[in-house]
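Summary of the model geometry
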Amino acid sequence: MTMPMKLLVQLGWRNLWRQRRRNIMLLAAIFVAVAAVVLTNALIRGVQYDMRDSAVRNLTGNMKLYAPGYRDDPSILQGFELAEGWQPAVAPADLLGWTQRVSVPAVIMSERETRGVTLVGVSPQDERTQSFLGTVAIDGEGLRDADDGRILLGSELLAQLSTQVGRRVVVITQGADGLNREAGFKVVGSYDAEGTGLEKAFAFTGRAALQKLLDTQAVTEVSIRLNDGANETAVDAAVSHDVGALELLDWRALEPLAAAMYEYSNVAILVLFLIVMIALSFGLVNTLITAVMERVREFGMLRAIGMRPGQIVVQVLVESTLIMLLGLGGGIAAGIGLTVLFADGIDLSNFAQGVEMVGLGSRLTPRLMWDDVVLVVELSIFLGLIGSGYPAWRAVRVKVLDALRRGT
Amino acid sequence: MPREAATALPAAGSARRPRGTPLIVAIAWRNLWRNRRRTWLTSGGVAFAVFLIVVARSATVGTFDVMIDNAARLLVGHVQLQHPRYADDPSLRHTLQDATTISRAIAAQPGVAAVAQRAQAFALVAVGEKSFAAQMMGVDPDAERRLSTLPAAVREGRYLEGPHDVVIGSALARNLGAGLGDEVVVLGTARDGGVAAMAGVVVGIVETGINDVDRTVMQMPLATFQEAFGFGDEAHMIVVRLDRIGEVDALMAALPEPGLRWVTWQELMPDIEQMIDLKMAGQFIMFGLVALLVTFSVFNTFAMTVFERVREFGMLMAIGMRPHRILAMLELEALWLALFGVMIGAALSVALVLTLAQVGIPLGADVGAAFKTLNLPDRIFPVLSWPALFGAAALMLIAVPLAGFIPALRTLRLTPVTALRTQL
């Protein structure tokens, strides 16, 4: 006798309704577990990409070109000049933008205080796509263009120097001939990088203006940003092919801590999923076993009228798969709904400095990735089948005569 | 299954029950074992929740201890004594007078591991043609060796000994182009507003791995600093490291120091405290989720139990047991179940944590190597978290009977006649 699958599914569905209460409870448990996993996965992804983005946006870029000696001796003496018309060898679809910068150590003095910073000569137009400088909140004005000879300070540094926007500061830094240059800069504005360490570390001015002060045509770095979804490794290989003696470093090499956290997130997602599924499985297995044990007589009867052991297994698996699919579908819909609900982000400003330590902004925005959802579906079905394996095996082991002889 | 129930009930009343234990408690325990597999699975869920909470919290507490200690030992210590305004306005003028006398008084307190006074100022440092701004720190070298890991982070050369020795951060050395034996000139503003100037020789270059420190720090003997900046026996801070971080409050209570201000590690390193809070918030969400799932499973277990035993309950009622007594019996079963699960979870987690506390959880190779250079352990030693253990136990002992209560309520609606007639 062969039973069509349709009939088995129909039978399974009706069987589920025989124990409405507990199956609804099991459904609810699967639903909650899946919804929570989808939401937390999206949150972890949000954290992960936020960490990468802030690492990339704090002047690191997806990748950077340096003269070989610059990282040991970060001065204009380790600058380089790009050939006329040079472009990074990146397909236009992958390239978000690129820029050249002059980045040198400098001393800043106000009337009262002295601080050391990295003075960065930028082209403000390019920075819009390159770094936090394009989007950061500025008190006062921003830099106009690469010839702007005024200086933009972080608000924390401004406070430490006890000076104000519009006042002058003195900058001392080393010129291309190795001798110190001393020049007055008007403070054009202060930027608010949400209290992060960037505010103390970086001061900005126009690139051409800084090159003039240092008597050079050279720059110290080229920063390249890619669009989301660009294959970093492939671009890496293409660009490095074409840069001669210059050193090409990607953000993983420039920000090893952020890169380690990025990798760690991939593991965290799996660990969380496993923990939730283990917690769920106790209830799942328990309910499924009971569903088999209390129907021993019924299975015996079915066997007696000619149902084959394989079909009994299928029968049990169909029931557990149905309930798993229902919970999974609902849970995923609810999880996606929750991520949409939180799409504006969760406010973390109470932990502002703590999240900076792990390289986050002060809002946590979930980021739903289809790969993760697919993974949840696949693993849940897999675990569901494993969970129903034992009950199904018990159902097959039922001896027809014993079963029918049993009292209940 | 009634076949077993028939034997289970009379047996429950038999001899081995300790005197004074109500019969119903013993019956509840026996009932639990009428369906072994189900009890093991349900209590397994309870045990898993307890195990997860205890192990995760213990490992985190161990990590945080290392993290706080790591950060505190680098420079800032567990608690500092400062001029009341210095924390908000670190100006040269906000000093502590008689710093040496106060330091001695603090060092005499129990639980104090090391005490060091420091004076700090930003100034211009020049080596040859290059100059850069740095954070000058006047320190007591012997005290720093006991208090801070910075002396151990000297990558080249040695730590401070003579009056003209200076050590500088590795990034600062790079920026200045300074090497061992180079003369450095410091130019700054003295306490009275005049020029502070001094010359020293680089004897050591430190690399802590903390960017802010490596980029800005320059240490010199305190006496040299005091002379250059026009200080008497004064300092900006007295830094204290304790044997155990929990002793901060005791120290502050023992030495109130009127007119001065104690600043704790939480204020000195708000980023670390917030990161700990953030991580704890994340963990508690996960614990809540796992506890909820286990609760669902308990609910189902009791729904099944009640359903299967309707006839038994009818029998009990027919021979005179009141419905609320049956409910009480089911709740006792839930409590036994929770207790059993909690015991297993507690035993397993405590055994694991105590073992790991001996062996340590090795950190990744990179992190471990970085910690080693700072004289810190390259492993995390979990610290058994008693609050987590008791918290998890309490949570389960409350949640399980609650989850069992709802399906058990059904027994109140039963009448002996309908119950006995129920066909399974």
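Residues numbered from 1 in each chain as written. Chains lettered and ligands numbered in written order. Predicted model: local features only at pLDDT ≥ 70, side-chain atom pairs only at ≥ 80, totals over all residues.

1. Focus: the overall build of chain B
Keep this limit in mind: Under the scheme used here, helices are H or I runs from DSSP no shorter than 4 residues and strands are E runs no shorter than 2 residues, and both carry numbers assigned from the N terminus. Atoms considered for the radius of gyration are the C-alpha atoms alone. The globule rule reads 2.2 Å times the number of residues to the power 0.38. Neighbour density around each residue's C-beta defines its exposure: 20 or more other C-beta atoms within 10 Å make it buried, 12 or fewer make it exposed, and counts between make it partly exposed, where C-beta atoms are placed from the backbone. The contact criterion used here is simple: two residues whose C-beta atoms, placed from the backbone, lie within 7 Å are in contact.
Helices and strands together make up the secondary structure of chain B, namely 16 helices and 14 strands. Taking 424 residues into account, the globule formula puts the C-alpha radius of gyration at 22 Å, and chain B, at 33 Å, lies well above it. Dimensions along the principal axes, computed over C-alpha positions, put chain B at roughly 100 × 45 × 35 Å. Evaluated residue by residue, chain B yields a buried proportion of 42% over its 424 residues. Considering only contacts within chain B whose residues lie at least 6 apart along the sequence, 81% involve residues at least 24 apart.

2. Digging into the overall build of chain A
Looking only at helices and strands, one finds 14 helices and 12 strands in chain A. Against the compact-globule benchmark of 22 Å for 408 residues, chain A has a radius of gyration of 31 Å, which places it well outside the compact range. Each principal axis of the C-alpha atoms in chain A carries an extent, and together these give about 105 × 45 × 30 Å. Taking all 408 residues of chain A together, 45% fall into the buried category. Considering only residue pairs separated by 6 or more positions, chain A has 84% of its internal contacts joining residues 24 or more positions apart.

3. Considering the nonpolar core
Put simply, the test is: Any nonpolar core is a set of buried residues, restricted to Ala, Val, Leu, Ile, Met, Phe, Trp, Tyr and Cys, that join up through C-beta atoms within 7 Å.
Core analysis: the biggest nonpolar cluster contains 110 residues, and A:V276, B:A49, B:V50 and B:L293 have the highest contact counts within it. Per element, the largest residue contribution to this core is 20 residues, and it comes from helix α2 (residues 20-57) of chain A. If near-sequence neighbours (up to four positions away) are discounted, B:L293 is found in contact with A:A29, A:V32, A:A33, A:V276, A:A279, A:L280 and A:G283. Core analysis: the next-biggest nonpolar cluster, separate from the first, contains 99 residues, A:L59, A:V104, B:A123 and B:L176 among them.

4. Some thoughts on the interface of chain B and chain A
Put simply, the rule is: Classification convention: Asp, Glu, Lys, Arg as charged; Ala, Val, Leu, Ile, Met, Phe, Trp, Tyr, Cys, Pro as nonpolar; all other residues, Gly among them, as polar.
With 44 residues of chain B in contact, the opposing surface of chain A contributes 47 residues. When contributions to the side of chain B that touches chain A are tallied by element, the ones reaching two or more residues are α3 (36-76), β3 (112-127), β4 (130-139), α6 (170-176), α7 (211-216) and α11 (270-308) of chain B. A per-element tally of the side of chain B that touches chain A places α11(B) first, with 19 residues. A class-by-class count of the residues in the side of chain B that touches chain A yields 24 nonpolar, 11 polar and 9 charged.

5. Considerations on helix α12 (residues 310-318) of chain B
A turn of α-helix holds 3.6 residues, and therefore any two residues three or four places apart point the same way. Residue and element names in this part refer to chain B. Rule in force here: An arc is given here, and it is the one of the directions from the helix axis to the C-beta atoms.
E312, F313, L316 and M317 are the residues of α12 that are buried. For α12, the angular spread of buried residues about the axis comes to 140 degrees, placing them on one side. Immediately beyond the C-terminal end of α12, within one or two residues, lies G320, with a positive phi of roughly 110 degrees.

6. Some remarks on the environment of A:A83
By secondary structure assignment, the location of A:A83 is in the loop between β1 (63-66) and β2 (95-109). Between the alpha carbons of A:A83 and A:F282 there is a distance of 66 Å; along the sequence they are 199 residues apart.

7. Details of the confidence of the model for chain B
All names here are of chain B. Heads up, the rule is: Every residue is assigned a pLDDT by the predictor, reflecting its confidence on a scale from 0 to 100.
Per-residue pLDDT for chain B averages 85, and the proportion of residues at 70 or more is 91%. Note on residues 1-15: pLDDT under 50 across the span, and 15 contacts to partners over four residues away in sequence or across chains. Here the prediction assigns the complex a pTM of 0.78, and the interface score ipTM is 0.76.

8. Topic: the packing of helix α11 (residues 309-341) of chain A against helix α13 (residues 370-397) of chain A
Residues and elements named next belong to chain A. Going by this rule: Axis definition: a line fitted to C-alpha atoms, limited for helices to the stretch in contact. Angles are taken between N-to-C directions and run from 0 to 180 degrees. Here the angle decides the label: under 35 degrees means roughly parallel, over 145 means roughly antiparallel, 65 to 115 means roughly perpendicular, and every other value means oblique. Each crossing gets its hand from how the near helix is turned against the far one by less than a right angle, where anticlockwise is left-handed and clockwise is right-handed.
Put simply, α11 and α13 touch, their axes get as near as 8 Å, and they point 150 degrees apart. On the basis of the axis angle, α11 is roughly antiparallel to α13. The two elements α11 and α13 cross, and the hand of that crossing is right-handed. Contacts from P309, I312, V313, V316, L317, S320, T321, M324, L328 and I332 in α11 reach V373, V377, S380, I381, G384, L385, G387, S388, P391, A392, A395 and V396 in α13.

9. Brief notes about unusual backbone geometry
The phi dihedral of A:D215 falls on the positive side, at around 60 degrees, and the residue is not glycine. For A:D215, the location among the structural elements is in the loop between α6 (207-214) and β9 (221-226). Among the residues examined, A:D215 registers 12 C-beta atoms within 10 Å and is labelled exposed. Positioned with a positive phi, B:D98 is a non-glycine residue whose angle comes to about 50 degrees. Assignment of secondary structure puts B:D98 in the loop between β2 (96-97) and α4 (99-107). Looking at B:D98, the number of C-beta atoms within 10 Å reads 13, which means it is partly exposed.

10. Structural notes on the pairing of strand β7 (residues 183-189) of chain B
All names here are of chain B. Our working rule: A strand pair is defined by DSSP finding two or more bridges across the two strands.
Burial along β7 is one-sided: the residues V184, V186 and G188 are buried and none of E183, V185, L187 and T189 is. When β3 meets β7, the two strands line up antiparallel, connected through 3 bridges. Bridge pairing links V125 to V186 in β7. The sheet contact formed by β7 and strand β8 (residues 195-206) spans 7 bridges and is antiparallel. Of the residues in β8, the one forming a bridge with V185 is A199.

11. Focus on the packing of α3(B) against helix α13 (residues 323-359) of chain B
Residues and elements named next belong to chain B. Running from N to C, α3 and α13 point in directions that differ by 40 degrees, and their axes come no closer than 7 Å. Relative to α13, α3 is oriented oblique. In terms of crossing hand, the pair formed by α3 and α13 is right-handed. Mapping the contact onto sequence places T39, T42, S43, V46, A47, F48, A49, V50, F51, V54, V55 and S58 in α3 and L337, A338, F340, G341, V342, I344, G345, A346, L348, S349, L352 and V353 in α13. Considering only residue class, the contact of α3 with α13 consists of 17 nonpolar, 7 polar and no charged.

12. Digging into helix α15 (residues 386-408) of chain B
Residue and element names in this part refer to chain B. Worth spelling out the cut-off: Each helix should span, by expectation, one fewer than its residue count multiplied by 1.5 Å.
In this model α15 runs 33 Å from its N-terminal to its C-terminal C-alpha over 23 residues, within 8% of the 33 Å that 1.5 Å per residue would give. Buried residues of α15: A388, L389, A392, A393, L395, M396, V400, P401, A403, G404, P407 and A408, and no others. Residues of α15 that are buried make contact with α3, α11 and α13.

13. Structural notes on the environment of A:D147
Residues and elements named next belong to chain A. Turning to its location among the elements, D147 is positioned in the loop between β4 (137-140) and β5 (151-154). The partly exposed category is assigned to D147, around which 13 C-beta atoms lie within 10 Å. Each C-alpha atom, one on D147 and one on I275, is 57 Å from the other, the two residues being 128 residues apart in sequence. Residues contacting D147, with those up to four places away along its chain left out, are G206, A208 and A209.

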